[in-house]
Amino acid sequence: MGELKLAEELKQLALMEEIDLRSCGLGVKSESALMEALGSCQQMEDISLAENTFSEPFLMKFAQRLPHFRLLRKLDLKLCGISDSVCKSLAEALGCCQNLEEITLSWNIIGDDGSCSLSYSLKQMRRLKKLDLEKNQIKMKGAEAMAQALSVCLWIKLVGQSNNKGDGREAAQRKCKAQLLNRL
């Protein structure tokens, strides 16, 4: 879909509640049109931009825009190239999204710093039930921070952290699993 056509169609749907642009081949050429279009869709409850290749500046701007989606319940950014620095910005912004129930950040390049930032923000996301961080680069420090956050964030029921890279991650992932199993 052409960048301008996407922007025009989304502008017409200002009351749209759900957008699924998973695997649409979006990338650098469509970023400005997509950002403009998303600016007019503030009633969003479900956003999926998964499996598209975006630049870091776009992802940072998207993170800054997230607090405007006050009704957002689900966010899927699987395989979007999210780094630690983008994850830090996302973590700050996601703390303002009080209705979030599900966040998918799997198959990105999030490491310990991003995981630590996200774990700090979890305390603000009182409705969050599911967080998927599978297949990232989270090591022991990031997994430990997540386990510690889960010890106080009792409302979270599922955290996917499997298949991350790094020494010692298994022990921290077991702590996360134990935290979750104690809630059942």
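Refer to the preceding data block for the structure.
Quick summary incoming for the structure in this document. Remember, predicted model here, so these are calculated numbers, not experimental data.

Parameters and conventions
- Residues numbered from 1 in each chain as written.
- Predicted model: local features only at pLDDT ≥ 70, side-chain atom pairs only at ≥ 80, totals over all residues.
- Heavy atoms only, no water.
- Helix = DSSP H or I, 4+ residues; strand = E, 2+ residues; numbered from the N terminus.
- Buried < 20%, exposed > 50% of the residue type's maximum accessible area, 1.4 Å probe, protein only.
- Contact = heavy atoms within 4.5 Å.
- Polar contact = N/O pair within 3.5 Å; in protein donor to acceptor, adjacent residues only side chain to side chain.
- Axes fitted to C-alpha atoms, helices over the stretch in contact; angles between N-to-C directions.
- Parallel < 35°, antiparallel > 145°, perpendicular 65-115°, else oblique.
- Pairing = 2+ DSSP bridges.
- 1 Å grid on protein atoms, 1.4 Å probe; cavity = no way out; pocket = protein on both sides within 12 Å on 5 of 7 lines; lining within 4 Å.
- Points joined across faces, edges and corners; volume = space filled by probe spheres on them.
- Nonpolar A, V, L, I, M, F, W, Y, C, P; charged D, E, K, R; others polar.

### Some thoughts on the environment of E51
Item 1. Inspection of the secondary structure puts E51 in the loop between β2 (46-48) and α3 (56-65).
Item 2. Judged by relative accessible area, which is 32%, E51 ranks as partly exposed.
Item 3. Residues E51 and S23, 28 residues apart in the sequence, show an inter-C-alpha distance of 4.9 Å.
Item 4. Beyond its immediate chain neighbours, meaning those up to four positions away, E51 contacts R22, S23, K78, L79 and C80.
Item 5. Of the polar contacts made by the side chain of E51, one reaches the side chain of S23; its length is 2.6 Å.

### Observations regarding the packing of helix α5 (residues 112-121) against helix α6 (residues 140-150)
Item 1. Packing of α5 against α6 leaves a shortest axis separation of 7 Å and a crossing angle of 10°. By the angle between their axes, α5 is roughly parallel relative to α6. Contact residues: α5 offers D112, D113, S115, C116 and S119, while α6 offers M140, K141, G142, A143, A145, M146 and A149.

### Examining the sheet that holds strand β1 (residues 18-20)
Item 1. Overall, parallel pairing links the six strands, which are arranged β1-β2-β3-β4-β5-β6 in an open sheet. Two strands in the sheet have a free side with no partner beyond their single neighbour: β1 and β6 (158-160). For this sheet, the mean angle separating the axes of adjacent strands, direction not counted, is 5°.
Item 2. Pairing geometry for strand β4 (residues 102-104) and strand β5 (residues 130-132), over three bridges, is parallel. Each bridged residue has a counterpart across the sheet, and for I103 the counterpart in β5 is L131.

### Some points on the layout of surface pockets
Item 1. Roughly 160 Å³ of internal volume is contained in the second largest pocket.
Item 2. Contributing to the lining of the second largest pocket are 13 residues, with D46, S48, K74, D76 and E102 lying nearest its centre.
Item 3. Of all the elements in the fold, those that place two or more residues in the lining of the second largest pocket are β1, β2, β3 (74-76) and β4.
Item 4. For the lining of the second largest pocket, a count of residues per class yields three nonpolar, two polar and eight charged.

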